[in-house]
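Summary of structural features
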Amino acid sequence: MAESAAWVLALDHQLRAAVGERELVYLIEAPILLDVPRSPPYCRQVLVWNDTVLPAMDLAAWLRGQSTQRQEPLAGVFGYQSRPGADPEYGALLLSAIPTRTRVDDDQVCALPKQPRYWQTLAISCFQQGDQPIPILDLPHIFSGGLL
């Protein structure tokens with residue numbers, strides 16, 4: 001039985017998703033977000049991290065098809081590779097709470113949640129934590145224009 005470490009992310013007050021332990025690179029409390037005119041509701045802002053402008057994706061807004069209002073923004077910076085052997089690239093996700101670390105094994109695999117209905121676009125797999133399915137995000141797809 002293979003076991004891995006993961007971070008469980010609060011995308012909003014209800015929606016949860018996960019990434020691999022090494023994909024969460026940095027957490028920014030109260031990030032300075034810069035508005036991007038004429039951008040989609042799920043990516044209306046960017047942030048500057050290590051002299052790089054990163055899209056600040058709101059996956060809850062994308063899944064629900066509407067903008068979300070965040071009281072105290074929190075952003076996670078995530079690293080990913082667009083293909084094996086490529087240099088790491090980075091993107092940011094807006095979160096509603098500090099991520100929690102968990103252990104996941106093959107016995108926890110489950111089907112993606114039926115609602116919101118677009119999880120299959122964002123996730124590569126899913127695991128059960130208690131009575132809640134937790135989709136595992138496909139970061140290269142999300143940050144490489146897969147949500148357009």
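In short, a report on the structure. (Residues numbered from 1 in each chain as written. Predicted model: local features only at pLDDT ≥ 70, side-chain atom pairs only at ≥ 80, totals over all residues. Heavy atoms only, no water.)

By way of backbone hydrogen bonds, the strands of a sheet pair with one another, either parallel or antiparallel. Reading across the sheet, the 6 strands line up as β3-β7-β8-β6-β5-β4 and stay open at both edges, with mixed pairing between neighbours. At either margin of the open sheet sits one strand with a lone partner, and together these are β3 (24-29) and β4 (34-35). Pairing geometry for β3 and strand β7 (residues 74-80), over 5 bridges, is antiparallel. Paired with Glu29 across the strands is Leu74, a residue of β7. (Pairing = 2+ DSSP bridges. Helix = DSSP H or I, 4+ residues; strand = E, 2+ residues; numbered from the N terminus.)

Our next topic: the nonpolar core. Burial of nonpolar side chains together is a common tendency in soluble globular proteins. Membership of the largest hydrophobic core comes to 26 residues, with the highest contact counts inside it found for Leu11, Leu93, Leu122 and Leu137. Taken together, the elements giving at least two residues each to this core come down to β2 (16-20), α1 (59-64), β7, β8 (89-95), α2 (119-122) and α3 (139-143). If you tally residues by element for this core, the top one is α1, at 5 residues. Those residues in contact with Leu137, other than ones at most four positions away along the chain, are Leu9, Ala17, Ala18, Val19, Leu59, Leu93, Trp119, Leu122, Ala123, Ile124 and Ile142. Counting residues in each nonpolar core, the second largest holds 10 residues, with Ile28, Leu33, Leu47 and Trp49 among its members. (Core = buried A, V, L, I, M, F, W, Y, C linked by side-chain atoms within 4.5 Å. Buried < 20%, exposed > 50% of the residue type's maximum accessible area, 1.4 Å probe, protein only. Contact = heavy atoms within 4.5 Å.)

By the bridge criterion, 6 bridges tie strand β10 (residues 123-129) to strand β11 (residues 132-137) in an arrangement that is antiparallel. Residue pairing across strands places Ala123 opposite Leu137, the latter belonging to β11. The antiparallel pairing of β10 with β11 creates a hairpin that spans 2 residues between the two strands, and Gly130 there sits at a positive phi of about 65 degrees.

One pass over the full model with this rule turns up 4 aromatic pairs. With a centroid separation of 5.7 Å and an interplanar angle of 65 degrees, the aromatic rings of Trp62 and Tyr118 are classed as edge-to-face. In this pair, Trp62 sits in helix α1 while Tyr118 sits in the loop between β9 (97-105) and α2, placing the two residues 56 residues apart along the sequence. Trp62 sits in the buried class, given a relative accessible area of 14%. Judged by its relative accessible area of 33%, Tyr118 falls in the partly exposed class. Three or more aromatic residues joined by ring pairs make a cluster, and in this case those are Tyr26, Trp49 and Tyr90. (Phe/Tyr/Trp six-rings, centres within 6.5 Å; stacked < 30°, edge-to-face > 60°.)

A word on a nonpolar patch on the surface. On the surface, a cluster of nonpolar side chains totalling about 400 Å² of accessible area is made up of Ile32, Leu34, Val48 and Val53. Looking at Val53, the relative accessible area reads 56%, which means it is exposed. (Patch = residues over 30% accessible without salt bridge, like charges linked within 9 Å, V, L, I, M, F, W, Y side chains within 5 Å. Areas by Shrake-Rupley, 256 points an atom, 1.4 Å probe, with all protein chains shown as cover. Salt bridge = Lys/Arg side-chain N within 4 Å of Asp/Glu carboxyl O.)

A full pass over the atoms with the stated rule returns 3 salt bridges. Here Asp12 and Arg64 are joined by a salt bridge, their closest N and O atoms 2.9 Å apart. Taken together, the residues Asp12 in the loop between β1 (3-10) and β2 and Arg64 in helix α1 connect sequence positions 52 residues apart. On the basis of relative accessibility, which here comes to 30%, the residue Arg64 falls in the partly exposed class. A salt bridge links Arg101 to Glu21; its shortest N-O distance comes to 2.3 Å. Residue Arg101 is located in strand β9, and its partner Glu21 is located in the loop between β2 and β3; the two are separated by 80 residues in the primary sequence. For Arg101, a relative accessible area of 46% gives the class partly exposed.

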